[in-house]
Amino acid sequence: MSRVSGPWPPVSVEPPAVHPKAPAPGTELGVHFDECFGCGDEVDAGLRLRSAVGEGHTVLSKFTVTPAHQGAPGLAHGGLLACAFDEALGSAVGNLLRRPAVTGKLETDFRRPVPVGSTLHIETRLDGTAGRKIYVSADGRLDAPDGPVAVTARALFVAVGFEHFTTHGDSAALQKLADAREKQRRAQDGQEWEINP
């Protein structure tokens, strides 16, 4: 049992138990939903954040700031940076713990400007769990994994059942996601084929 602090009072947490079927270190993580603003490829001005599993309880993500992401001229919008961290933090929770969870609290600290054209390297750490609560934190470095820290974040995610998404989400989007997952599963099993393409 250890303690974490952040935008909430210090709490006692259990060490995170990485799921036995979690991807191995070095594994590049795919897009979880093509229409996700954070990682999807079908959103014109989306972040297109890419992630890979790191050592221990970490996920390493990258996000390149484009002109569509600026707030002040030539600089990334702070809200978009918070969005990138929400995506990176959620990727660690979803991929390492293999539990559906939603953001409960997110705190970001902006330490230096993030210029358009720069790449933010985000290292996310699972800090611990307490029941349904999952604590994660991350550092975002400019232009290299060992570059200067530009943004830090801490978050509390809450584990939910799948019914959370079926109750509150869009049923057509959920079906599209289910169809894409099934197609991906068949392709991995060697069962994907086309008839008269």
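Residues numbered from 1 in each chain as written. Predicted model: local features only at pLDDT ≥ 70, side-chain atom pairs only at ≥ 80, totals over all residues. Heavy atoms only, no water.

K.L.:
How do you make sense of helix H1 (residues 78-97) when you look at a structure like this?
P.N.:
Two residues of an α-helix separated by three or four positions point the same way, owing to the 3.6 residues in each turn. Its 20 residues give H1 an end-to-end C-alpha distance of 28 Å, which sits within 8% of 28 Å, the value for a rise of 1.5 Å per residue. One or two steps after H1, the chain reaches Arg 98, where phi turns positive at roughly 55°. (Helix = DSSP H or I, 4+ residues; strand = E, 2+ residues; numbered from the N terminus. Expected span 1.5 Å × (residues − 1).)

K.L.:
I would appreciate a short explanation of the pattern of salt bridges in the present structure.
P.N.:
Close approach of charged atoms lets side chains of opposite charge pair. Under the counting rule described, the total for this entry stands at one salt bridge. Note that Arg 125 and Asp 139 form a salt bridge whose closest N and O atoms lie 3.4 Å from each other. Placement of the pair is Arg 125 in strand E7 (residues 119-130) and Asp 139 in strand E8 (residues 133-142), with a sequence separation of 14 residues. (Salt bridge = Lys/Arg side-chain N within 4 Å of Asp/Glu carboxyl O.)

K.L.:
Sorry if this is basic, but what is going on with the nonpolar core here?
P.N.:
Side chains of nonpolar character tend, in soluble globular proteins, to be buried together. Counting residues in hydrophobic clusters, the biggest one holds 32 residues, and the most contacted among them are Val 114 and Leu 120. Within the residue set of this core, elements represented by two or more residues are strand E5 (58-64), H1, E7, E8 and strand E9 (149-159). Counting residues per element, this core draws most heavily on H1, at 10 residues. With residues near it in sequence (within four places) discarded, Val 114 still touches Val 65, Leu 75, Ala 76, Leu 81, Leu 120, Leu 142, Ala 150 and Val 151. (Core = buried A, V, L, I, M, F, W, Y, C linked by side-chain atoms within 4.5 Å. Buried < 20%, exposed > 50% of the residue type's maximum accessible area, 1.4 Å probe, protein only. Contact = heavy atoms within 4.5 Å.)

It is worth stressing that arrangement in space is one thing and function is another; only the former is reported here.
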